[in-house]
Structure formats: C-alpha cells, structure tokens
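Now for the letters of each chain:
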Amino acid sequence: MHAKDSSPPDGGYGWVVVVSAFMVMGLTAAVLKTFGLFFVEIQQHFDELASTTSWITSVTIAIFHLGAPVASSLCVRYSHRAVVITGGFLAFSGMALGFFGLNMVWMYATTGFLQGLGISFSWTPAISIVSHYFSKKRALANAIASAGECAFAFTFGPFFQWLIGQYGWKGALLIIGGIQLNICVCGILMRPLASSCLLEDRQSRVGTPLDNGASRTGEDKSPITHKTFNWMLVRRPEFVLYAIFGILAAMSFFVPPLFLVPLSYSLGIDESWTASLLSILAMVDFTGRLLCGWYANLNITKTVHLLTMTITLISTSLMLLPLANNYLSLAIFTGFYGFFFGMTVAVHITVLADVVGMPDFDSALGLFMLIRSTGGFVGPPLAGLIVDMAGDYRAGFYMAGATLVLSAGFLVILDQFQQRKERGSQTNTKLEKSMLPYPSLHPLKLQNSRYREHDAVV
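Residues numbered from 1 in each chain as written. Predicted model: local features only at pLDDT ≥ 70, side-chain atom pairs only at ≥ 80, totals over all residues. Heavy atoms only, no water.

## As for helix 5 (residues 68-77)
Thinking step 1. Ala68, Pro69, Ala71, Ser72 and Cys75 are the residues of helix 5 that are buried. Buried residues along helix 5 cover an arc of 160° about the axis, so they all sit on one side.
Thinking step 2. Of the surrounding elements, those touching the buried residues of helix 5 are helix 4 (55-66), helix 6 (80-98), helix 7 (104-133) and helix 17 (361-390). (Buried < 20%, exposed > 50% of the residue type's maximum accessible area, 1.4 Å probe, protein only. Helix = DSSP H or I, 4+ residues; strand = E, 2+ residues; numbered from the N terminus. Arc of directions from axis to C-beta. Contact = heavy atoms within 4.5 Å.)

## Section: the side chain of Ser317
Thinking step 1. Along the chain, Ser317 turns up in helix 15 (residues 303-320).
Thinking step 2. Of note is the side chain of Ser317, whose polar atom sits 2.7 Å from the backbone oxygen of Ile314.
Thinking step 3. Excluding its chain neighbours within four sequence positions, the residues that come into contact with Ser317 are Phe336, Tyr337 and Phe340. (Polar contact = N/O pair within 3.5 Å; in protein donor to acceptor, adjacent residues only side chain to side chain.)

## Description of unusual backbone geometry
Apart from glycine, the bulk of residues carry a negative phi angle, and the bulk of peptide bonds sit in the trans form.
Thinking step 1. Unlike most non-glycine residues, Asp10 shows phi in positive territory, near 55°.
Thinking step 2. Following the sequence through the fold, Asp10 ends up in the segment before helix 1 (14-34).
Thinking step 3. Overall, Asp10 belongs to the buried group, its relative accessible area being 16%.
Thinking step 4. In this model, Asp47 sits at a positive phi of 55°, which is unusual for a non-glycine residue.
Thinking step 5. Overall, Asp47 belongs to the exposed group, its relative accessible area being 69%.

## Overview of the side chain of Ser264
Thinking step 1. Within the secondary structure layout, Ser264 lies in helix 13 (residues 255-266).
Thinking step 2. Not counting residues within four places of it along the chain, the set of residues in contact with Ser264 comprises Ile269, Thr274, Leu277 and Leu330.

## Some thoughts on the packing of aromatic side chains
Thinking step 1. Within the structure shown, the criterion is met by 19 aromatic pairs.
Thinking step 2. Three or more aromatic residues joined by ring pairs make a cluster, and in this case those are Phe22, Phe35, Phe38, Phe152, Phe156, Phe159, Phe160, Trp162 and Tyr167.
Thinking step 3. Cation over ring: Arg191 sits above Tyr13, and NZ or CZ is 4.0 Å from the ring centre. (Phe/Tyr/Trp six-rings, centres within 6.5 Å; stacked < 30°, edge-to-face > 60°. Lys NZ or Arg CZ within 6 Å of the ring centre and 35° of its normal.)

## Here's the deal with the pattern of salt bridges
Thinking step 1. Following the criterion strictly, the structure yields 8 salt bridges and no others.
Thinking step 2. A salt bridge links Arg236 to Asp360; the nearest nitrogen and oxygen atoms lie 3.4 Å apart. Placement of Arg236 in the loop between helix 11 (218-225) and helix 12 (237-253) and of Asp360 in the loop between helix 16 (327-356) and helix 17 is noted, with a sequence separation of 124 residues between them.
Thinking step 3. Using a relative accessible area of 23% as the deciding quantity, one classes Arg236 as partly exposed.
Thinking step 4. For Asp360, a relative accessible area of 14% translates into the label buried.
Thinking step 5. Ionic pairing is found between Arg394 and Asp392, a salt bridge with its closest N-O pair at 3.3 Å.
Thinking step 6. Taking the relative accessible area as the measure of exposure, Asp392 reaches 29% and is therefore partly exposed.
Thinking step 7. Beyond isolated ion pairs, a larger network of salt bridges with shared partners links Lys33, Glu149, Asp285 and Arg289. (Salt bridge = Lys/Arg side-chain N within 4 Å of Asp/Glu carboxyl O.)

## Concerning the confidence of the model for the chain
Thinking step 1. Of the residues in the chain, 83% reach a pLDDT of 70 or more, and the chain-wide mean stands at 82.
Thinking step 2. Long-range and interchain partners of residues 196-226, a stretch whose pLDDT sits below 50, account for 40 contacts in this model, where long-range means more than four residues apart. (pLDDT = per-residue confidence, 0-100.)

## Side note on empty space enclosed by the protein
Rolled over the atoms, a probe as big as a water molecule pinpoints where empty space is left.
Thinking step 1. Inspection of the entire model under this criterion finds 2 cavities of 30 Å³ or more.
Thinking step 2. Considering only enclosed or pocket space, the largest cavity measures out at about 60 Å³ in volume.
Thinking step 3. Residue lining of the largest cavity: Val31, Leu32, Phe35, Thr57, Thr60, Met95, Thr111, Gln115 and Ile119, and that is the complete set.
Thinking step 4. Of all elements in the fold, only helix 1, helix 4 and helix 7 reach the threshold of two or more residues within the lining of the largest cavity.
Thinking step 5. For the lining of the largest cavity, the element with the most residues is helix 7, which contributes 3 residues.
Thinking step 6. Here the residues of the lining of the largest cavity sort into 5 nonpolar, 4 polar and no charged.
Thinking step 7. Of the pockets and cavities examined, the second largest cavity occupies roughly 40 Å³.
Thinking step 8. In terms of lining, the second largest cavity is formed by Phe35, Gly36, Phe38, Phe39, Ile42, Thr53, Ile56 and Thr57.
Thinking step 9. Across the lining of the second largest cavity, the residue classes break down as 5 nonpolar, 3 polar and no charged. (1 Å grid on protein atoms, 1.4 Å probe; cavity = no way out; pocket = protein on both sides within 12 Å on 5 of 7 lines; lining within 4 Å. Points joined across faces, edges and corners; volume = space filled by probe spheres on them. Nonpolar A, V, L, I, M, F, W, Y, C, P; charged D, E, K, R; others polar.)

## A look at the nonpolar core
Thinking step 1. With 109 residues, the main nonpolar core has Phe38, Ile42, Tyr242 and Leu352 as its most contacted residues.
Thinking step 2. The element that contributes the greatest number of residues to this core is helix 16, accounting for 16 residues.
Thinking step 3. Ala71, Leu90, Leu114 and Leu117 belong to the second-largest nonpolar core, a separate cluster that totals 8 residues. (Core = buried A, V, L, I, M, F, W, Y, C linked by side-chain atoms within 4.5 Å.)

Listed below in structure tokens is the structure:
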C-alpha cells in the first residue's frame, strides 16, 4: 500500500496511531507483566519445580528481545502495519496452542516462544511508528503510547485471576489469546508514512545547502534511499554510549519488582497490604509517563538532560527505599520509584531517536532492544547473588541504585560527545558560508580549477 503522507503530521491521524500503539502496549507488555498469575497453576498441573516452570517466562522475555532486530528489519523491508498484524497472529497462536497444555516443552514452544515472538513483532513496530508520525510532539506521543502498559497491567491482574477462577488456566489462556487478536486491528490502523518524510530530518542535519546541493554527500542522501537494516550503527560512538546506558539501566530496572514483595514480607507487612504496593507502582508509573511526556513536549529541557535527571532520581529513590521500616514509608518510596521510572520510560525512546536520527531509528530500536537484553538477563541473578551473600533483600536495591548511577555517567558522556559534534558542525557551516562571497574559494570551484590545471598540463 502506498503511504498517504510525505511528512510527519505531528497530529491528525497520528493520534489514531498513538491510540493503536497504546492498545498494543497493553495487549503485549501488560500481558507479559501479569503472566505470573499462571505460574502456580501451571506448576501444580504438571507437578514441576518452580525453576522448571519459570523457563516459560524466561523464554518469552528472551524471544521478545532477540526478535526485536528481526521485527525492525521487517519494518524497514515491508511496513510497520504488516509486522504488527503478524505479531498479533503469533501472540494469539501462542496462547491458543498453550490451551492444549500437552507438556512443559509444549508450553515453552507456545506460550514461551510463539508468545514472545508475537510480543516482539507487535511491540517494536508499534513504538517505532509513533516516532515516525511525530517530530515536535514525539515525547508526548511516546509517553501516551507507553502508558498503555500501565493502564492494562492495573486491570489485567484482577481480570486474569477471575478468568482462571471461572475457566481454569487453560481456558483463560485461550480467552486472552482471543483478546490479543485485537493487536491485528490496531495494526490495520497503523497507516504507513512515505520514506520521504525523513527529508526534514536530513535537512536539519545537513544545514544550509550550497549551490544546487553541492554540499550533499553520499552519507546525506542515505536516509532517503536507505531500505535495509543498518547494522553499522554499532560503529557510531553515540549509539554505543547509549547502548551501554541501556545495558546498565536494564540491570537495575528488573530488580525492584522482583524484591519489593519479599522485602515487604521481611518487614512483617500483611499480604493484602503488600499487594497494594504493586497497584501503587502501576498508578504512579502511569502518571509519571504522561507528565514527563507533557513536559518534554514543551522543549524546555533537552531530552538527554531530562533522561539523566530521571535516572538520577530513580537511583536516589532506590537508595532510600531500603530505609523503610513500615508500610507507609515503603509505599512512599515505592511511589517515588514508580513515578520516576515512568518518566524514564516516557522519554528514553525519544532520546534514542534524537541520538541516531529518524532515518536509522527502526534499525537502532531493534539493536538497542537486543543489546539491552543482556542487562535484563544479568541484573536479577546478580542482585540475587548479592542478596544471598548479604542475607538481606535491601542489598538488591542498593545494587540497582548504584548501577543506575553508573548508567547516568554514560548519558553525561553522550551529551558531551553530542555537544562537541554540534560545535564542529556549526564551525564547518560558518566556514562554508564565509567562502560564499569568494567564488574562487568555493570548495567545488577549487576542485574544478585543479581539474582544469591538470588538463592544461596534460
């Protein structure tokens, strides 16, 4: 299908795309977040160890991250719409086939592999196309889209529990799979934009053109003609710095939800009150995403500076959280952590787009997800080892906070690198402008004069 627009509309039909992405976030990431409700049911049904059963979720998370570059590559080759629709069918197939529940290997292959691939093929292009549809309001649009994860997670918990109680875990899987077919509907609404919409981004990076586009190089033209997955992003220092930040941040982000409940139990907090901590976490996360998106849209603060600030605030809240000694103080620190985490999630994709530019954003998102996954795999086991050595769940939060401080350092280095690059670009632009009144000093004229001299000698 041919694209309908040639430039980012920054509104209009773009808001339909945002709502569709909001739904996709809820039907993918929120389902993955609340899948733990099936853990005990599946474990008891197959009479397996907890470690054996946990591999279902581990496979899902692994395939979700490993499939991101594949999803991004398919988006570049075909369209975001086609990949999202494919992801919806894969997610449905994983849940529907899991309904048969033949054995644990079957569960790994269905609710693990197929579901993870479906989430990857849905989540990645959904968050990507939002950035293509928006430029000035990109941060706000990304924040609204990502908030779908919090909104759905808040309601899916009790809803999934009700489904399991009414239809058993197998029937609940089948029903959830049917609900996930709505991802295909959302994908149909994601109308593709023309690749020429990247012209604006290219011009902003090239600067003022010289005579008849004389300053254009092969590199400058590549955003318009680029139709393949760009693996060479790993050679760009700014992307490498941001990827290292992603690894360190992922090492920390998976730790607090893992140890929050055990920490509350160790403080003697009742189980019913402990469950409310997760609800508080979801609500403040939702609020943080929307407020940060709104603030970033005002363009008062540079996005990388805003991200550095939110990471610093998260690390501070994680360092203070272990000081809690009762439910009230734990709820307050949990609220601070959830709010700043939501702010971070709202803006970190926007920063990635600013770092690499929209021409390479699809490729960068897939590579970033793949590289970041290493932090998600290493973080929880490392925190668990530290907790075992210290004999206290508080140690896990200290580890997460310290790792985030280190990740903020790489954001500072990235910002300094970008500033030096911008200053160098401005200096070159001024030099080129200063040559314009003197035709004999124009770079192309100088080059042509050399050719004429050479021809005269020959």
